[in-house]
Amino acid sequence: MRGYTEGKDGYLKRLRRIEGQIRGLQRMVEADEYCIDVLTQISAATKALQSVSIGLIDEHLKHCVAEAIAEGGETANEKVREASEAVARLVRS
């Protein structure tokens with residue numbers, strides 16, 4: 001079971017909403033909407049994806065990393081490294 005399993009329905013609902021935002025962006029571009037309006041919607045979709053990402057990182061730290069640390073050993077080091085790399089990717093994006 002993954003750390004986010006209990007909140008899976010919420011994550012799926014949010015991702016479907018983001019999917020709708022992206023389809024809306026496609027329609028805006030097809031309709032030659034004003035550039036700033038398109039950029040505003042891109043910013044909103046980006047923030048929504050970042051919010052999902054932060055939630056998943058939080059769940060990963062609370063469950064997967066905490067469990068690995070409790071077990072100790074190389075698995076713990078690997079999970080911490082993996083989480084650090086995921087955070088670094090999010091910060092760069």
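Residues numbered from 1 in each chain as written. Predicted model: local features only at pLDDT ≥ 70, side-chain atom pairs only at ≥ 80, totals over all residues. Heavy atoms only, no water.

- Going by an unreviewed UniProt entry, the chain carries the name Copper-sensing transcriptional repressor CsoR and comes from Actinoalloteichus hoggarensis.
- What UniProt states about the chain under its Subcellular location (unreviewed entry) heading is, verbatim, "Cytoplasm". (UniProt positions renumbered as here; feature names shortened; annotations may be inferred.)

**Observations regarding the pattern of salt bridges**
Right, on to step 1. Overall, the coordinates contain five salt bridges when judged by the stated rule.
Right, on to step 2. Between K62 and D58 there is a salt bridge, with its nearest N and O atoms 2.9 Å apart. Pair noted here: K62 and D58 are both in helix α2 (residues 35–71), with a separation of four residues, about one helical turn.
Right, on to step 3. Judged by its relative accessible area of 32%, D58 falls in the partly exposed class.
Right, on to step 4. Three or more residues joined by partner-sharing salt bridges are found here, namely E78, R81 and E85. (Salt bridge = Lys/Arg side-chain N within 4 Å of Asp/Glu carboxyl O. Helix = DSSP H or I, 4+ residues; strand = E, 2+ residues; numbered from the N terminus. Buried < 20%, exposed > 50% of the residue type's maximum accessible area, 1.4 Å probe, protein only.)

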